[in-house]
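Overview (structure and organization)
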Amino acid sequence: MGGLLPPETWLGAPGLMLQSGQLAGCLPAHPAPWVAEGHARPLSLHAPWLGDTPGQCQWRPNGSRPGFLGDCCQAAWLGINIFLFTYYFLFFDQDERYFYTRAILGSALAWARASAKCLNFNSMLILLPVCRNLLSFLRGTCSCCRRTLRKQLDHNLTFHKLVAYALALFTAVHTIAHLFNLERYNDSQQATDGSLAAVLSKMHLQNSNKWLNPIHSNQTTVEYVAFTTIPGLTGVIITLALILMVTSSTEFIRRNYFEVFWYTHHLFIIYFAGLVIHGIAGLVRGQTEDSMEEVHPQRCAEYLVHNHKECRHECCKNPEFSSIPAESWKWVLAPVLLYIFERILRVWRARQKVVVTKAVMHPARVLELQMQKKGFRMEVGQYIFVNCPAISLLEWHPFTLTSAPEEESFSIHIRAAGDWTERIIDTFQQQKPEMPRIEVDGPFGTASEDVFQYEVAMLVGAGIGVTPFASILKSIWYKFQQADQTLKTKKIYFYWLCRDTGAFAWFNDLLASLEQKMAESGKADFLTYRLFLTGWDSSIANNAAVHHDTATDTVTGLRHKTIFGRPMWNTEFSAVATAHPRSVVGVFLCGPGALAKDLQKSCHQHSSLDPRKVKFYFNKENF
Ligand SMILES: Cc1cc2nc3c(=O)[nH]c(=O)nc-3n(C[C@H](O)[C@H](O)[C@H](O)COP(=O)(O)OP(=O)(O)OC[C@H]3O[C@@H](n4cnc5c(N)ncnc54)[C@H](O)[C@@H]3O)c2cc1C
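Only a predicted model underlies this, so the values are computations on that prediction, with no experimental measurement involved.

Some details on the overall build of the protein
- If you tally the helices and strands in the protein, you get 23 helices and 16 strands.
- Taking the contacts inside the protein whose residues are at least 6 apart along the sequence as the reference set, 78% of them involve residues at least 24 apart.
- Just so you have it, the protein exposes about 28900 Å², and 60% of that area is on carbon and sulfur atoms.

Printed below as a string of structure tokens:
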């Protein structure tokens, strides 16, 4: 199959093929009987996670750690947070302008203000890592330290989460500090002991604009202030919004109720609106500059308390107070505008015409879409966001590109995983005269060009996690076709683990064609692939046993025999280490965390301490 046909014609047999303009009558209303839906009864070696794994892979060298540059960025971010907190804590704890404020609030003032500064700083940062078009632009234009920097940009979500945790922490500190503040304002207002706090709290009675304590009445309660003042009410709202956003972002919710996570996250609009107006009422006050010149806080405090009646007007004027101006808007204005621009750009890009040139239904409910879009340029391993307005106007789902950059059209393979993917597959299966409209945003993500940087590469895909490797293998096919001399890679080991036999058909033809191409170029050894079937029933096993001696595999029809069960990574790594005793081997995984752990361990175990000998470098995906 496939033979020397170019890769864009490799459509996994037995796939149902729809081409634009040929849709009507092409597809049966129901999936064809060969569609391998639940036919493989799991045996003991069945790994339930295989095949359900989304194929979202962005390479993370050495696991999910961001690397040296990333560490530096994180250290800088942490350093700025520590600096801001310490600087403003000391400032509000010691500055004379806040001497009287501290007389009422104590150190809670410094805790509240220092955390507010850090909140502003992190609110300024939180949107930047999710401006994916901005990141794409940076990725494309940064020529200095290009690859290293590009890789750091792919840690955007890690950074987004880090900043979110900081926001949650500083919100907690800020809220608790202000609860203390409210309590202290209230206590001072009600106090009749003649203390400085009590005297200062009564001052609003004499001059209503120069007050220090925002609680002006003995009847006011803390709850009343919290729910009726602008800072109180906005504080409650943004804290609630933040709690909802953080709790709905847990791994569990994202995996099982993605829409809940996604829509709840849009409370960020309320968060930013609330943040901007939170400080405008200026309830926390300090002494004015003019008043400071006339009324030295330390000296006059004595008079205020002890010589209240006799000396106050002669020796010291009453101190005057003004609000700390609201400044959150200054911090967040630029990123919010940038993000609005990003969303407008997404809408604009989404409106660019996408022509679905081919839709192929593969076994195990995988839909392949081949598309064309003017000016679309991709690199191997990148992904796009797809929207199908017929299903949902708002939902955008990411899919790894399975085509090679050398191809005219680009393609994705969509595996049924939930509501949206089920519905898009159903939509394309319905016999409608016109293809459903598809909108595409992207491509995004760093190219997996690192694979080509290694002399030897081990590519491991689980289930639909094969998609980025399809792109890589296709690109290799083109490189061979064009006799590309720049290709550094001398050997590729490709491992594909699938739960059911049908899944292999997704890229069967690709493998067959590569096999043939390599043989013709005299480089039959270039690609070694191993297909592992982790779920099967007795009929498949019996069939394989009966046809054990045939030249081709009974499951895939390929030269290499399908292996039943999971790979023995120790054996695989030992074999690679023996075959390439002095090479640097890149190990690339697109699959679940459990598999990542196994591979990372094997990389460690089989790497030689001698720098001249074999070394395995693990590149993990980010889900
Ligand atoms: C970078 C990347 C590349 C991917 N490439 C492929 C691919 O090539 N082929 C493929 O079949 N699948 C791929 N996926 C997974 C695919 O995006 C999800 O299967 C799909 O979005 C599921 O949507 P659903 O509503 O049908 O399922 P749901 O039941 O809503 O979700 C199933 C799983 O997909 C995740 N998910 C749902 N919606 C989104 C979304 N909008 N963004 C990110 N994750 C989501 C959920 O967390 C959950 O784990 C990729 C995911 C990412 C992040």
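Next comes the rest of the description.
Some details on helix H12 (residues 268-278)
- If you check which residues of H12 are buried, you get Phe268, Tyr271, Phe272, Gly274, Leu275 and His278. For H12, the arc enclosing every buried residue in end-on projection is 165 degrees, short of the 170-degree limit, so these residues lie on one face.
- Buried residues belonging to H12 abut helix H3 (108-126), helix H6 (156-190), helix H9 (230-247), helix H11 (258-265) and helix H16 (328-350).

What about the layout of surface pockets?
- What the second largest pocket holds in volume is close to 850 Å³.
- As for the second largest pocket, its lining consists of 40 residues, and the residues nearest its centre are His174, His178, Pro231, Gly235 and His278.
- Of all the elements in the fold, those that place two or more residues in the lining of the second largest pocket are H3, H6, helix H8 (222-228), H9 and H12.
- At eight residues, the largest contribution of residues to the lining of the second largest pocket is made by H6.

Re the confidence of the model for the protein
- Residues with a pLDDT of 70 or more make up 82% of the protein, whose mean pLDDT is 80.
- Mean pLDDT across the secondary structure elements of the protein bottoms out at strand S1 (residues 16-19), with 42, and peaks at H3, with 97.
- Ignoring residues within four places in sequence, the model shows residues 1-64, a span with pLDDT below 50, making 200 contacts including any to other chains.

Section: the nonpolar core
- Counting 52 residues, the largest nonpolar core has Tyr100, Ile104, Leu200, Tyr271, Phe272 and Leu304 as the members making the most contacts within it.
- A per-element tally of this core places H3 first, with eight residues.
- Ignoring sequence-local partners within four residues, the contact set of Ile104 consists of Arg184, Tyr185, Ser188, Ala197, Leu200, Ser201, Leu212 and Asn213.
- Core analysis: the second largest hydrophobic core is formed by 42 residues, Tyr454, Ile464, Leu473 and Phe504 among them.

Overview of the packing of H9 against H12
- Between H9 and H12, the least distance of the axes is 9 Å, while the angle of their chain directions is 155 degrees. The orientation of H9 with respect to H12, classified from their angle, is roughly antiparallel. In this structure, H9 meets H12 at a crossing whose hand is left-handed. Each of Ile230, Pro231, Thr234, Gly235, Ile237, Ile238, Leu242 and Met245 in H9 lies in contact with H12, whose residues at this interface are Phe268, Ile270, Tyr271, Gly274, Leu275, Ile277 and His278.
- Its residues assigned to classes, the contact of H9 with H12 shows 11 nonpolar, four polar and no charged.

Some points on the sheet that holds strand S8 (residues 397-400)
- Read from one edge of the open sheet, three strands run S8-S7-S10, paired in antiparallel fashion. Since the sheet does not close on itself, it has two edges, and those belong to S8 and strand S10 (439-444), each with one partner. This sheet shows a mean twist of 30 degrees between the axes of neighbouring strands, independent of strand direction.
- Both strand S7 (residues 383-387) and S10 contribute to a ladder of four bridges, which runs antiparallel. Within S10, the residue paired with Phe385 across the bridge is Asp441.

A word on the pattern of salt bridges
- Following the criterion strictly, the structure yields 13 salt bridges and no others.
- Between Arg346 and Glu342 there is a salt bridge whose closest N-O contact spans 2.8 Å. Of this pair, Arg346 and Glu342 are both found in helix H16, four residues apart, which corresponds to roughly one turn of the helix. Each member of the pair, Arg346 as well as Glu342, carries the same accessibility label: buried.
- When the shortest N-O distance is used, the salt bridge between Arg530 and Glu572 registers 3.0 Å. Of this pair, Arg530 sits in strand S13 (residues 527-533) while Glu572 sits in helix H22 (residues 569-579), placing them 42 residues apart in sequence.
- A relative accessible area of 29% means that Arg530 is categorised as partly exposed.
- Taken together, the shared-partner salt bridges in this structure form one network comprising Asp95, Arg97 and Glu289.

Some remarks on the packing of aromatic side chains
- Under the counting rule described, the total for this entry stands at 33 aromatic pairs.
- Between Trp77 and Phe159, the aromatic rings sit 6.2 Å apart at their centres with planes inclined by 80 degrees, giving edge-to-face as the arrangement. Of this pair, Trp77 sits in helix H1 (residues 67-94) while Phe159 sits in helix H6, placing them 82 residues apart in sequence.
- Judged by its relative accessible area of 9%, Trp77 is buried.
- Relative to Phe444, the ring of Tyr383 lies with its centre 6.2 Å away and its plane at 45 degrees, an arrangement referred to as tilted. Of this pair, Tyr383 sits in strand S7 while Phe444 is found in strand S10, placing the two residues 61 residues apart along the sequence.
- One aromatic cluster is present, formed by Phe83, Tyr87, Tyr88, Phe91, Phe92 and Tyr98 through successive ring pairs.

About the cut-offs
Residues numbered from 1 in each chain as written. Predicted model: local features only at pLDDT ≥ 70, side-chain atom pairs only at ≥ 80, totals over all residues. Heavy atoms only, no water. Helix = DSSP H or I, 4+ residues; strand = E, 2+ residues; numbered from the N terminus. Contact = heavy atoms within 4.5 Å. Areas by Shrake-Rupley, 256 points an atom, 1.4 Å probe, with all protein chains shown as cover. Buried < 20%, exposed > 50% of the residue type's maximum accessible area, 1.4 Å probe, protein only. Arc of directions from axis to C-beta. 1 Å grid on protein atoms, 1.4 Å probe; cavity = no way out; pocket = protein on both sides within 12 Å on 5 of 7 lines; lining within 4 Å. Points joined across faces, edges and corners; volume = space filled by probe spheres on them. pLDDT = per-residue confidence, 0-100. Core = buried A, V, L, I, M, F, W, Y, C linked by side-chain atoms within 4.5 Å. Axes fitted to C-alpha atoms, helices over the stretch in contact; angles between N-to-C directions. Parallel < 35°, antiparallel > 145°, perpendicular 65-115°, else oblique. Left-handed = near helix turned anticlockwise from the far one by under 90°. Nonpolar A, V, L, I, M, F, W, Y, C, P; charged D, E, K, R; others polar. Pairing = 2+ DSSP bridges. Salt bridge = Lys/Arg side-chain N within 4 Å of Asp/Glu carboxyl O. Phe/Tyr/Trp six-rings, centres within 6.5 Å; stacked < 30°, edge-to-face > 60°.

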